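Observations on the three-dimensional arrangement
Residue strings, one per chain:
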Amino acid sequence: MIKFLDLEKINNRFRDEIDGRIANVLDRGWYLLGGENDNFCDHFAEYVGTKYCLGVANGLDALTLIIKAYDFAPGDEIIVPANTYIATILSISENGLTPVLVEPDINTYNIDPKKIEEKITERTRAIMVVHLYGRAVEMKEIWDLAKKYNLKVFEDCAQAHGAIYDGHRVGNLSDAAAFSFYPGKNLGAFGDAGAITTNDEDIYKKVKTLANYGSDKKYHFQYRGKNSRLDEIHAAVLDVKLKYLDADNERRREIARYYIEHITNPKIVLPTLNGMDEKSCVWHVFPVRTENRNAFQQYLTDNEIQTIIHYPIAPHKQPAYAEWNNLSYPITEEIHDTIISLPISPVMTDEEVKKVVEVVNAFN
Ligand SMILES: *Cc1c(COP(=O)(O)O)cnc(C)c1O
């Protein structure tokens, strides 16, 4: 079986180094907000290119804390792509704000900048972009709109650690950005973990306080905060794996390039960089579309190739957002009905990659 993502193999490459770092944490007996957290956050900020990085408990918290830090009024609106993982949308609702869904571009799967302006109202406060499937959003038009309407811009970078747009890494393209280090992400911990990056000192201080019960001084509570912190053990693991992130992303690009050059089955719609630089995509997944998606998935399973659908049901069709169930987002729905992700990961062998191509090309 070619696994979709062999996490054990991915992490075992660094086993000795990680074992040593975890042993250090145990020897020190300090488990939260210690040296490992500081180290990793310094290194991650340096990597992303921002002045600040705050470690938090997971990606959803990172998103939620960013929005909370801006003190928007209940009922204010935030623009978000209609085809994202539910967490992006939850972070807006959780703050008592209204998510305003915008259709993606069918070629990039990212929010369609041309469809944003018609959704901007008096209540719009921010645009939340999602670098979906590892591919950086083309930010120029987003920045122009934000400037014109005086909006904040936030990034959901949970799928795009290391992607570069116009010389800058994602996470450094907006007012504040959220990362997830869920085990299966391009940079993954040994459990839940996340981070916020920003160049804004005030926002950094505010999210830091909010994430620590609203406390900026022990037993003094400035805000009604949350408990969302990055454990020392996860920080140590992430600090080791960060050193290999660029090399891992490069291997993903190599595989993606091979798929794009060699998959020739006319029934399969391949992803395209749409003229953007190769560095703009870190291929968190390799999404293809096909009309007969379920048969295609069964066929791949029969041929020992594991796939995952990102995602089978659009957010506006979910029971959690029943008030949207009758709305129509045709491009989002088309994507959800036809998309399927082929295996891609830094530990896939050339033989496995070749086998995927052969099997996909033989599908009819
Ligand atoms: C994984 C993911 C999240 C949530 O991250 P968690 O760490 O699982 O909370 C948010 N947005 C997107 C796009 C994701 O893929």
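In case you missed it, the structure is sitting above this.
Below you will find a few notes about this structure. Because the structure is predicted, anything quoted here is derived from the model rather than measured. (Residues numbered from 1 in each chain as written. Predicted model: local features only at pLDDT ≥ 70, side-chain atom pairs only at ≥ 80, totals over all residues. Heavy atoms only, no water.)

Time to look at a nonpolar patch on the surface. Side chains of Leu26, Tyr31, Leu32 and Leu33 sit close together on the surface and give an oily, nonpolar patch of about 380 Å² of accessible area. Inspection of the secondary structure assignment puts Leu33 in the loop between helix H2 (15-28) and helix H3 (35-48). (Patch = residues over 30% accessible without salt bridge, like charges linked within 9 Å, V, L, I, M, F, W, Y side chains within 5 Å. Areas by Shrake-Rupley, 256 points an atom, 1.4 Å probe, with all protein chains shown as cover. Salt bridge = Lys/Arg side-chain N within 4 Å of Asp/Glu carboxyl O. Helix = DSSP H or I, 4+ residues; strand = E, 2+ residues; numbered from the N terminus.)

For the rest of this paragraph, the subject is the layout of surface pockets. In this structure, the largest pocket occupies an estimated 670 Å³ of space. Residue lining of the largest pocket: 34 residues in total, with Tyr85, Tyr182, Lys185, His284 and Tyr311 positioned closest to the centre. Put simply, the parts of the chain that give the lining of the largest pocket at least two residues each are helix H4 (59-69) and helix H5 (86-94). Of all the elements, H5 adds the most residues to the lining of the largest pocket, at four residues. The residue inventory of the lining of the largest pocket, partitioned by class, reads 19 nonpolar, eleven polar and four charged. Looking at which domains feed residues into the lining of the largest pocket, each of domain 1 (7-242) and domain 2 (245-361) gives three or more. Roughly 390 Å³ of volume is contained in the second largest pocket. Considering the residues around the second largest pocket, the lining is formed by 22 residues, among which Leu33, Asp38, Leu54, Tyr204 and Lys208 are closest to the centre. Ranked by residues supplied to the lining of the second largest pocket, first place goes to H3 with five residues. (1 Å grid on protein atoms, 1.4 Å probe; cavity = no way out; pocket = protein on both sides within 12 Å on 5 of 7 lines; lining within 4 Å. Points joined across faces, edges and corners; volume = space filled by probe spheres on them. Nonpolar A, V, L, I, M, F, W, Y, C, P; charged D, E, K, R; others polar. Domains from an automatic or database assignment.)

Another point: the packing of H4 against helix H7 (residues 201-211). Across the interface, H4 lies against H7 with an axial gap of 9 Å and an inter-helix angle of 120°. Here H4 lies oblique to H7, going by the angle between them. In this structure, the crossing between H4 and H7 has a hand that is right-handed. Judged by residue contacts, Leu65, Ile66, Lys68 and Ala69 of H4 engage Ile203, Lys206, Val207, Leu210 and Ala211 from H7. Classifying every residue of the contact of H4 with H7 gives seven nonpolar, no polar and two charged. (Axes fitted to C-alpha atoms, helices over the stretch in contact; angles between N-to-C directions. Parallel < 35°, antiparallel > 145°, perpendicular 65-115°, else oblique. Left-handed = near helix turned anticlockwise from the far one by under 90°. Contact = heavy atoms within 4.5 Å.)

Further remarks concern the sheet that holds strand S1 (residues 52-56). In space, the seven strands of this open sheet follow the order S1-S9-S8-S5-S4-S2-S3, with mixed pairing throughout. In this open sheet, the two strands that pair with only one neighbour each are S1 and strand S3 (98-102). In this sheet, neighbouring strand axes are inclined to one another by 20° on average, regardless of whether the strands run parallel or antiparallel. Two elements, strand S2 (residues 77-81) and strand S4 (residues 124-130), share three bridges in a ladder whose sense is parallel. Paired with Ile79 across the two strands is Ile127, which belongs to S4. Packing against the sheet, H3 makes contact with S1, strand S8 (176-180) and strand S9 (194-198), and its axis sits at approximately 130° to S1. (Pairing = 2+ DSSP bridges.)

Function cannot be inferred from these measures alone, as they are strictly geometric.
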